[in-house]
Amino acid sequence: MRQHIGLQDADGPYLRSGQVAEQAGVNLQTLRYYERRGLIAKPARSPGGHRAYPPETVTLLTVIKAAQRLGFTLEEVAELIDTGRRGHATPDLCERAQEKIAEVDARIADLTTIRSALGAVVSAGCDSLTHCICPDCPLPFADLAASRTPEEN
């Protein structure tokens, strides 16, 4: 049950900062940061000086967080939201999504390589990054460390 702070508009009661943050699953610092960045509108103030957010702020914050989980940067999210605020469709959303897919594919390839290397470390029984004594050590660090002079270490 949400508490109201006494302000209302055509959409219903306004929400306090804590209520918005809780419902959107963000902390108060994130809420204020998004406000400073212009991602969410500066709220009205209650007669007591409290920030008074319209209920749709929760929806907007949820959209922002979902877009970030999909890999969009906050700057990219801001651009997409700004385009939508001007009443225009975002025709480049599909293009941007395709770019994100390519980025995700590249990260997956990197992570697959890392996983494979870590698997080789485990299989070989490596015990040190710099002085591994296992036969056929897959770590390049051991060779690099051994080639350094004592003054460099």
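These figures come from a predicted structure and were not determined experimentally. (Residues numbered from 1 in each chain as written. Predicted model: local features only at pLDDT ≥ 70, side-chain atom pairs only at ≥ 80, totals over all residues. Heavy atoms only, no water.)

I'm lost on the overall build of the chain in this one. Help?
The secondary structure content of the chain amounts to six helices and four strands. Counting from the amino terminus, the chain carries its helices and strands in the arrangement β-β-α-α-β-β-α-α-α-α. Looking at the chain as a whole, 29% of its 153 residues qualify as buried. Taking contacts inside the chain between residues at least 6 apart in sequence as the whole, the part at least 24 apart equals 42%. In the structure as shown, the chain presents an accessible area of about 10400 Å², 57% of it carried by carbon and sulfur atoms. (Helix = DSSP H or I, 4+ residues; strand = E, 2+ residues; numbered from the N terminus. Buried < 20%, exposed > 50% of the residue type's maximum accessible area, 1.4 Å probe, protein only. Contact = heavy atoms within 4.5 Å. Areas by Shrake-Rupley, 256 points an atom, 1.4 Å probe, with all protein chains shown as cover.)

When you look at helix 5 (residues 93-124) in this model, what are you seeing that I'm missing?
Along an α-helix, residues three or four positions apart point the same way, because every turn accommodates 3.6 residues. Its 32 residues place the ends of helix 5 46 Å apart at the C-alpha level, agreeing with the 46 Å of an ideal helix rising 1.5 Å per residue. At the C-terminal side of helix 5, G125 shows a positive phi close to 75°. (Expected span 1.5 Å × (residues − 1).)

Just to check I follow, could you spell out the packing of aromatic side chains for this structure?
To describe a pair of aromatic rings, you give the distance between the ring centres and the angle between the ring planes. Summed over the entire model, instances satisfying the criterion amount to one aromatic pair. Judged by centre distance (6.3 Å) and plane angle (50°), the rings of Y33 and Y34 are tilted. Assessed through its relative accessible area of 34%, Y33 is described here as partly exposed. The exposure class assigned to Y34 is buried, which follows from its relative accessible area of 3%. (Phe/Tyr/Trp six-rings, centres within 6.5 Å; stacked < 30°, edge-to-face > 60°.)

What is the right way to read the environment of L31 from this model?
Along the chain, L31 falls in helix 2 (residues 28-37). Taking the C-alpha atoms as reference, L31 lies 8.3 Å from L61; in sequence the two are 30 residues apart. In this structure, L31 is in contact with S17, V20, I40, Y53 and L61, ignoring residues within four places of it in sequence.

Mind showing me how you'd approach the nonpolar core here?
Side chains that are nonpolar tend, in soluble globular proteins, to be buried together. Judged by nonpolar contacts, the single largest core of 20 residues is most densely connected at V20, Y34, L39, I40, L61 and I64. Elements with a minimum of two residues in this core: helix 1 (17-24), helix 2, helix 3 (56-69) and helix 4 (74-85). Residue contacts for I40: discarding those within four places in its chain leaves L31, Y34, E35, Y53, T57, L60, L61, I64 and R85. (Core = buried A, V, L, I, M, F, W, Y, C linked by side-chain atoms within 4.5 Å.)

Looking at this structure, how should I read the packing of helix 1 against helix 3?
The axes of two packed helices give the description: the angle between them and the distance between them. Viewed as axis vectors pointing N to C, helix 1 and helix 3 meet at an angle of 40°, and their least axial separation amounts to 9 Å. Regarding the angle of helix 1 to helix 3, the classification is oblique. Of the two possible hands of crossing, helix 1 and helix 3 adopt the one that is right-handed. Seen from helix 1, the contacting residues are V20, Q23 and A24; seen from helix 3, they are T57, V58, L61 and T62. Classifying every residue of the contact of helix 1 with helix 3 gives four nonpolar, three polar and no charged. (Axes fitted to C-alpha atoms, helices over the stretch in contact; angles between N-to-C directions. Parallel < 35°, antiparallel > 145°, perpendicular 65-115°, else oblique. Left-handed = near helix turned anticlockwise from the far one by under 90°. Nonpolar A, V, L, I, M, F, W, Y, C, P; charged D, E, K, R; others polar.)

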